[in-house]
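# Summary of structural features
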Amino acid sequence: MRAARTDGNQTAIVDGLRKAGISVFITSGVGAGFPDLCCGFNGRNFLFEIKDSSKPKADRQLTPDQVKFFNAWQGSAIKIEYLHEALEFIYNAIA
């Protein structure tokens, strides 16, 4: 099993989501393209793949495994770089 790498902005995003009352389970170690975070709010679940906005654009692309996962997944899952993207996605989904 490989050690999971976390993006530099993951801690700040997780902290911000939790401060907003959102349940967060860190899933970055799952592998096989599964997103970094599994979140719950208001009876709904959301998956977030975090990419570090401080890295070059080429390093913020989904890996082949992540592309495969996203193409097959039929639930709520998005790639984010910033906390506000996750919050907007969640709040728009429950509106």
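Going by the structure above, here's the rest.
Residues numbered from 1 in each chain as written. Predicted model: local features only at pLDDT ≥ 70, side-chain atom pairs only at ≥ 80, totals over all residues. Heavy atoms only, no water.

So, about the pattern of salt bridges. Applying the stated rule across the entire model yields 2 salt bridges. The closest approach of N and O atoms between Glu49 and Lys51, which form a salt bridge, is 3.6 Å. Among the ionic pairs, Glu81 bridges to Arg60, the shortest N-O distance being 3.0 Å. Of the two residues, Glu81 is situated in the loop between β4 (77-80) and α3 (83-94) and Arg60 in the loop between β3 (44-50) and α2 (64-72); the sequence distance between them amounts to 21 residues. (Salt bridge = Lys/Arg side-chain N within 4 Å of Asp/Glu carboxyl O. Helix = DSSP H or I, 4+ residues; strand = E, 2+ residues; numbered from the N terminus.)

Another point: the packing of aromatic side chains. With the rule as written, the count across this model stands at 6 aromatic pairs. Ring centres of Phe34 and Phe69 lie 5.3 Å apart, and the angle between their planes is 70 degrees; this geometry places the pair in the edge-to-face category. Pair noted here: Phe34 is in the loop between β1 (23-26) and β2 (37-41) and Phe69 is in helix α2, with a separation of 35 residues, a long-range link. Among the residues examined, Phe34 registers a relative accessible area of 22% and is labelled partly exposed. On the accessibility criterion, Phe69 (13% relative accessible area) is buried. (Phe/Tyr/Trp six-rings, centres within 6.5 Å; stacked < 30°, edge-to-face > 60°. Buried < 20%, exposed > 50% of the residue type's maximum accessible area, 1.4 Å probe, protein only.)

This part is about the sheet that holds β1. Spatial ordering of the open sheet is given by β1-β2-β3-β4, a layout of 4 strands whose pairing is mixed. Every other strand in the sheet has two partners, leaving β1 and β4 as the edge strands with one partner each. Taking the axes of each pair of neighbouring strands and ignoring which way they run, one obtains an average angle of 25 degrees across the sheet. Seen against the sheet, α3 touches β2, β3 and β4 and runs at an angle of roughly 155 degrees to β3. (Pairing = 2+ DSSP bridges. Axes fitted to C-alpha atoms, helices over the stretch in contact; angles between N-to-C directions. Contact = heavy atoms within 4.5 Å.)

We now examine α2. Inspection of α2 places Gln66, Phe69 and Phe70 among the buried residues, and these make up the whole buried set. All buried residues of α2 project into a common sector of 95 degrees when viewed along the axis, lining one side. Within α2, the exposed residues directed more than 90 degrees away from the buried face are Pro64, Lys68, Asn71 and Ala72. In this structure, the buried side of α2 is in contact with β3 and β4. (Arc of directions from axis to C-beta.)

Moving on, we come to the pairing of β4. Direction of pairing for β3 relative to β4: parallel, over a ladder of 4 bridges. In the strand pairing of β4, Leu47 is matched with Ala77. Taking the sense of rotation as the criterion, the β-α-β connection linking β3, α2 and β4 turns out right-handed. (Right-handed = clockwise from strand over helix to strand, strands pointing away.)

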